[in-house]
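# Working through the structure, step by step
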Amino acid sequence: MRKKIPIGTVGLGLMGSSIATCILAAGHTVTSLVKTMDQAKEARQRILGYLEELKEEGMLDENPALALARLTITDDVAQLEGYEIVIESIVESVEEKKSLYRKLETVLPVTAIIGSNTSAIPVTILQEGLAHPERLLGIHWAEPAHITRFMEVICGGQTDITYAHIIIDLAESWGKEPSLLKKDIRGFITNRIMYAMLREAFHLVEKGYASVEDVDRSLRNDLGYWITFAGPFRFMDLTGIPAYMTVMKDLFPDLDNSTAMPKLMEQVVNEGALGVSNAKGFYPYTEESAEHWEKTFIEFSYDIRKLAEKYSKKI
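A few points on the structure. (Residues numbered from 1 in each chain as written. Predicted model: local features only at pLDDT ≥ 70, side-chain atom pairs only at ≥ 80, totals over all residues. Heavy atoms only, no water.)

## Points about the overall build of the chain
- Secondary structure summary: the chain contains 13 helices and 8 strands in total.
- In terms of overall dimensions, the chain is globule-like: its C-alpha atoms have a radius of gyration of 21 Å, near the 20 Å expected for 315 residues.
- Across the 315 residues of the chain, 40% fall into the buried class.
- A sequence separation of at least 24 residues applies to 66% of the contacts in the chain between residues at least 6 apart.
- Accessible surface, the chain: about 18100 Å² in total, of which carbon and sulfur atoms supply 57%.
- Across the chain, the centroid of the 34 positively charged side chains sits 4 Å from that of the 45 negatively charged ones. (Helix = DSSP H or I, 4+ residues; strand = E, 2+ residues; numbered from the N terminus. Rg over C-alpha atoms; globule rule 2.2 N^0.38 Å. Buried < 20%, exposed > 50% of the residue type's maximum accessible area, 1.4 Å probe, protein only. Contact = heavy atoms within 4.5 Å. Areas by Shrake-Rupley, 256 points an atom, 1.4 Å probe, with all protein chains shown as cover. Lys, Arg positive; Asp, Glu negative; His and termini not counted. Charge placed at Lys NZ, Arg CZ, Asp CG, Glu CD.)

This is the structure in structure tokens:
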């Protein structure tokens, strides 16, 4: 078996912890850089919990404690000296990310790959001012990163695509099914399509066509039924292409194209809603029901991964 290279990560919030878990579960040694060691104990416990879940679900062969033993948490960037791959998952701030990259460039080899788990910032913007912008990539994960098969690898305007292919090959060994964006665009693939859907969902609710519950119900039982299996282009192949062109001609001019923030979104955010994390969102929650939804989402994530893997092996 080929020896696993050590991987560096930066940030151990919920997403960063999930990313570190995925890489540890794949057999790598991981060094995680944090702002302060105050969060190290909590992050280590969270990652151990994730590894134990993977073990229970049959997605981790080794003892979770042994996998965790390969994790080093540090607040000293010099501990990443010599690493060939570092993946950051810090706040969505251009200034903070660029400040981090400048620090990393003082200790990393010139050929080392820096990956940003950004969900919307164009990679080209993040490359500006770097000594070696060609080695910066977007590496977009989906939460929970240790369960989902999703990954987008994004090339900025100055990226050497050779580095993107290295990450794609590596990600496949992590159990991912990565997609490559050869050109940089804000929001990448899934976020551009998802936010177009969210805009229309808000439009239907705010204009009184349907309730939040009814919009969710329709999408769960139609889009949610097929999209894990097929994706939009395959689904059109499966269900007959010409009918979609007919609908497009009539429907596209009628879709919402507003660039304004939906008023319902502003209202909910201004009321302090975070979602199930503080039991306040588009739906009413008690602390108990919010916790139930969180746990059920994790169970669903494991189930849907297994379902996706089952059918990908048949295709």
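## Observations concerning a nonpolar patch on the surface
- Taken together, the side chains of F229, L238, L307, Y311 and I315 present a nonpolar region at the surface, about 530 Å² in accessible area.
- On the secondary structure map, I315 appears in the segment after α13 (287–312). (Patch = residues over 30% accessible without salt bridge, like charges linked within 9 Å, V, L, I, M, F, W, Y side chains within 5 Å. Salt bridge = Lys/Arg side-chain N within 4 Å of Asp/Glu carboxyl O.)

## Concerning the pattern of salt bridges
- Within the structure shown, the criterion is met by 12 salt bridges.
- In this structure, R149 engages E177 in a salt bridge whose closest nitrogen and oxygen atoms are separated by 3.1 Å. Taken together, the positions of R149 in the loop between β6 (136–141) and β7 (151–155) and E177 in the loop between α6 (161–173) and β8 (179–181) put the pair 28 residues apart, joining distant regions of the chain.
- We classify E177 as partly exposed; its relative accessible area is 49%.
- The residue E309 makes a salt bridge to R305 at a minimum N-O spacing of 3.1 Å. Within this pair, E309 and its partner R305 are both found in helix α13, separated by 4 residues, close to a single helical turn.

## Looking at the pairing of strand β2 (residues 30–33)
- Where burial is concerned, the two faces of β2 agree: the one with V30 and S32 and the one with T31 and L33 are both buried.
- Here 4 bridges tie strand β1 (residues 7–10) to β2, and the two strands are oriented parallel to one another. Residue pairing in the sheet places T9 in a bridge with S32 of β2.
- This β-α-β element, β1 to helix α1 (residues 14–25) to β2, shows right-handed connectivity. (Pairing = 2+ DSSP bridges. Right-handed = clockwise from strand over helix to strand, strands pointing away.)

## Description of the environment of P262
- Mapped onto the secondary structure, P262 falls in the loop between α11 (241–251) and α12 (263–270).
- Separated by 37 residues in the primary sequence, P262 and E299 place their C-alpha atoms 31 Å from one another.
- If sequence neighbours within four positions are ignored, P262 has contacts with F202 and E206.

## Comments concerning the nonpolar core
- Grouped together as the largest cluster of nonpolar side chains are 41 residues, with contacts concentrated most on I23, I47, L137, W141 and W174.
- Listing elements by their share of this core, those giving two or more residues are α1, α2 (40–56), α3 (64–68), β3 (71–74), β4 (85–88), β6, β7 and α6.
- Residue contacts for I47: discarding those within four places in its chain leaves L12, S17, A20, T21, L24, L68 and L71.
- Of all hydrophobic cores here, the second largest spans 20 residues; its members include V86, V107, I114 and L126. (Core = buried A, V, L, I, M, F, W, Y, C linked by side-chain atoms within 4.5 Å.)

## Thoughts on the environment of H28
- Summarising the element assignment, H28 is placed in the loop between α1 and β2.
- What H28 contacts, discounting residues up to four positions off in sequence, is K4, I5, I7, I23, R70, L170 and W174.
- Side chain to side chain, H28 and W174 meet in a polar contact 3.1 Å long. (Polar contact = N/O pair within 3.5 Å; in protein donor to acceptor, adjacent residues only side chain to side chain.)

## A look at the packing of helix α7 (residues 190–206) against α12
- Running from N to C, α7 and α12 point in directions that differ by 90°, and their axes come no closer than 9 Å. The pairing of α7 with α12 is recorded here as roughly perpendicular in orientation. Listed contacts from α12 to F202, V205 and E206 of α7 are K263, L264 and M265. (Axes fitted to C-alpha atoms, helices over the stretch in contact; angles between N-to-C directions. Parallel < 35°, antiparallel > 145°, perpendicular 65-115°, else oblique.)

## Examining the sheet that holds strand β5 (residues 113–116)
- With mixed pairing, the 8 strands of this open sheet are ordered in space as β3-β2-β1-β4-β5-β6-β7-β8. Since the sheet does not close on itself, it has two edges, and those belong to β3 and β8, each with one partner. Geometrically, the sheet is characterised by an average inter-axis angle of 25° between neighbouring strands, direction not taken into account.
- Judged from the 3 bridges that link them, β5 and β6 form a sheet pairing that is parallel. Within β6, the position partnered with S116 by the bridge is G138.
- Seen against the sheet, helix α4 (residues 94–105) touches β1, β2, β4, β5 and β6 and runs at an angle of roughly 165° to β5.
- In the packing of α6 onto the sheet, the strands contacted are β1, β4, β5, β6, β7 and β8, and the crossing angle to β7 comes to about 170°.

## Examining α7
- Taking 1.5 Å of rise per residue, 17 residues should cover 24 Å, and α7 covers 24 Å from first to last C-alpha, within 8% of that figure.
- Listed in full, the buried residues belonging to α7 are N191, E200, A201, F202 and H203.
- Looking at the buried positions of α7, the neighbouring elements they touch are β6, α8 (212–221) and α12.
- Looking at the residues trailing α7, positive phi occurs at G208, about 80°. (Expected span 1.5 Å × (residues − 1).)

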